[in-house]
Amino acid sequence: MESLEKQLICPICLEMFSKPVVILPCQHNLCRKCASNPYLSTRSGSTVTSGGRFRCPSCRHEVVLDRHGVYGLQRNLLVENIIDMYKQGSTSSGGEQFYKPVPEVKLAQPTCGDHKEEKINIYCVTCSIPTCSLCKVFGAHKDCQVAPLNDIFNQQKAELTDCVSLLVGNNERIQAVISQLDETCRAVEENGRRQKSKVCETLDHLFALLEEKKGEMTVRINSEQEEKLDYIRSLTKRYSEHLESTAKLLETAIQTMDESEMAVFLQVRRHSLKYKIVEGTNTSHLDKLQRGYENMDHFSTKVDHQRRALSHMEFIKSRYLVG
């Protein structure tokens, strides 16, 4: 019982916990009224009941409170239930040092099943069953080992108390594991958000580089395209002017050939007209496009290496493995 009592003592008031009992992040417990003690205030002067921080009186771990103060700390219902059970047990065994005694309701002592008039007052150790004195003297337990009922009661009560104490310690360790898992869960979520942001930032940078390179290469293509188109347009204009000149010359020659009067026909300066016709058929002074001038294949790109690099893009292998 003493080991359990020690675990139910508040490290501030040094008395048994009074409800509500709050559990700190370090898994130690305090009475809420003790946790609200103004002497636990921060160095800045704000009290723990309205947010701030203080150190656990058991392990000196710093406890940071939210805006709800100590009322934001989780209640330890398990410890509160154990306190209730302990008080009930202490009442039946005479322990009244930590609380106001509850009026005891005396129950009728059970009687022996074989001897209706005899009350159960001893315990058969051999058969592990309570019985009466007549059963030991004359009855079914006369050859068994017996012990006073009170001794066995105190012994088994102490054993159960030790088991409860062990369970309390085990539950506190489990609660610590759960708190650590919750903290790890929050860390995983935060780290996941941070890494996704980094990946998006890296890929956005690659997209920006590709857009920039696309703009540069498109400008070069447009420049040569306009240069070639301007040259072709100038050639078209020169050929069109030459064609217009020869068309007029052709019209003059046809009109001359339609003249039926020989004298009039012969009066025409045929040599000059003939010379102009011959000159009109000469296009050597006009530039000609080279074969494949329209081709723009020299602006082709080869990105197989870059495509393979992008398709094989992967995260850097970490030494931390899941599982």
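Each residue is numbered by its place in its chain's sequence as written, counting from 1. Local features are withheld for residues below a pLDDT of 70 in this predicted model, meaning they are given only at 70 or higher, and side-chain atom pairs are given and counted only at 80 or more; totals for whole chains, interfaces and linings count all residues. Hydrogens and water are ignored here; the side-chain numbers use all heavy atoms of the structure.

We apply this condition: UniProt positions are given in the numbering used here, feature names are shortened, and annotations may be inferred rather than shown by experiment.
The name given to the protein in an unreviewed UniProt entry is Tripartite motif-containing protein 54, and the organism recorded there is Gouania willdenowi. According to its UniProt record, the protein has this under Function (unreviewed entry): "May bind and stabilize microtubules during myotubes formation." The record held by UniProt for the protein lists under Catalytic activity (unreviewed entry) the comment "S-ubiquitinyl-[E2 ubiquitin-conjugating enzyme]-L-cysteine + [acceptor protein]-L-lysine = [E2 ubiquitin-conjugating enzyme]-L-cysteine + N(6)-ubiquitinyl-[acceptor protein]-L-lysine."

**Description of the overall build of the protein**
Heads up, the rule is: Here a helix means four or more residues in a row that DSSP labels H or I, a strand means two or more in a row labelled E, and each is numbered from the N terminus. When a residue's accessible area, from a 1.4 Å probe over protein chains only, is under 20% of the maximum for its type it is buried; when over 50% it is exposed; and in between it is partly exposed. Here a residue-residue contact requires only that any non-hydrogen atoms of the pair lie within 4.5 Å. Surface accessibility in these figures is a Shrake-Rupley result with a 1.4 Å probe; residues are shielded only by whichever protein chains are displayed.
Of the regular secondary structure elements, the protein holds eight helices and eight strands. Within the protein, the proportion of its 323 residues that are buried is 20%. Partitioning the contacts of the protein with sequence separation of at least 6, the portion at a separation of at least 24 is 48%. Carbon and sulfur atoms provide 56% of the accessible area of the protein, an area that totals close to 24700 Å².

**Regarding the pattern of salt bridges**
The criterion, for reference: Criterion for a salt bridge: a side-chain nitrogen of Lys or Arg within 4 Å of a carboxyl oxygen of Asp or Glu.
Summed over the entire model, instances satisfying the criterion amount to nine salt bridges. A salt bridge links Arg-193 to Glu-190; the shortest N-O distance between them is 2.9 Å. Here the residue Arg-193 and the residue Glu-190 both occupy positions in helix H5 (residues 149–257), the gap between them amounting to three residues, near one helical turn. Via salt bridges that share partners, Glu-190, Arg-193 and Arg-194 belong to a single interconnected network.

**A short note on the side chain of Thr-131**
Looking at where Thr-131 falls in the secondary structure, it is placed in strand S7 (residues 129–131). Not counting the four nearest positions on each side in its chain, Thr-131 is found in contact with Cys-112, Ile-120, Asn-121, Ile-122, Cys-124 and His-141.

**Some remarks on the pairing of strand S3 (residues 52–55)**
A regular strand places its side chains on the two faces of the sheet in alternate fashion. Worth spelling out the cut-off: Any two strands with at least two DSSP-identified bridges between them are counted as paired.
Two elements, S3 and strand S4 (residues 62–65), share four bridges in a ladder whose sense is antiparallel. Residue Arg-55 lies in a different strand from S4, and its bridge partner there is Glu-62.

**Comments concerning the sheet that holds strand S8 (residues 146–148)**
By way of backbone hydrogen bonds, the strands of a sheet pair with one another, either parallel or antiparallel. As a reminder, the rule being used: Structural elements are reduced to axes, namely lines fitted to C-alpha atoms, with helices fitted over the stretch in contact, and the angle between N-to-C directions of any two is expressed from 0 to 180 degrees.
If you trace the three strands from one edge of the open sheet to the other, you get S7-S6-S8, paired in antiparallel fashion. The sheet is open, and its two edges are formed by S7 and S8, each paired on a single side. When the angles between neighbouring strand axes are averaged without regard to direction, this sheet yields 35 degrees. Bridge count between strand S6 (residues 122–124) and S8: three bridges; the pairing is antiparallel. Directly across from Ile-122, in S8, lies its bridge partner Pro-148. Across the face of the sheet, H5 comes into contact with S6, S7 and S8 while running at roughly 85 degrees to S8.

**Focus on the sheet that holds strand S1 (residues 21–23)**
Spatially, the three strands line up as an open sheet ordered S2-S1-S5, and their pairing is antiparallel. With partners counted over all chains shown, the strands left at the sheet margins are strand S2 (29–31) and strand S5 (74–75), one partner each. One ladder, built from three bridges, connects S1 with S2; its direction is antiparallel. Of the residues in S2, the one forming a bridge with Val-21 is Cys-31.

**Section: the nonpolar core**
Selection rule: To define a nonpolar core, start from buried Ala, Val, Leu, Ile, Met, Phe, Trp, Tyr and Cys residues and group those joined through side-chain atoms within 4.5 Å.
Core analysis: the biggest nonpolar cluster contains 23 residues, and Leu-8, Phe-17, Leu-24, Leu-30 and Ile-83 have the highest contact counts within it. Among the secondary structure elements, those contributing two or more residues to this core are S1, S2, helix H2 (32–35), S4 and helix H3 (77–93). By residue number, the principal contributor to this core is H3, which donates four residues.

**Observations regarding the side chain of His-141**
Along the chain, His-141 turns up in the loop between helix H4 (133–137) and S8. When its relative accessible area of 12% is taken as the criterion, His-141 is described as buried.

**Some points on the confidence of the model for the protein**
Rule in force here: The score called pLDDT rates the predictor's confidence residue by residue, from a low of 0 to a high of 100.
Confidence in the prediction for the protein averages 82 pLDDT; 85% of positions are at 70 or higher. Here helix H1 (residues 2–7) is the element of the protein with the lowest mean pLDDT, 69, and S6 is the one with the highest, 92. When the criterion is pLDDT under 50, residues 41–49 qualifies, and its contacts beyond four places in sequence or with other chains add up to 21 contacts.

**Comments concerning the environment of Ser-58**
With respect to the secondary-structure elements, Ser-58 resides in the loop between S3 and S4. Residues Ser-58 and Ile-12, 46 residues apart in the sequence, show an inter-C-alpha distance of 9.0 Å. Beyond its immediate sequence surroundings of up to four residues, Ser-58 is in contact with Pro-11 and His-28.

**So, unusual backbone geometry**
Positive phi is not limited to glycine here, since Gln-27 has a value of about 75 degrees. By secondary structure assignment, the location of Gln-27 is in the loop between S1 and S2. Judged by its relative accessible area of 9%, Gln-27 falls in the buried class. One non-glycine residue with positive phi stands out, namely Ser-128, at about 55 degrees. Within the element layout of this structure, Ser-128 appears in the loop between S6 and S7.

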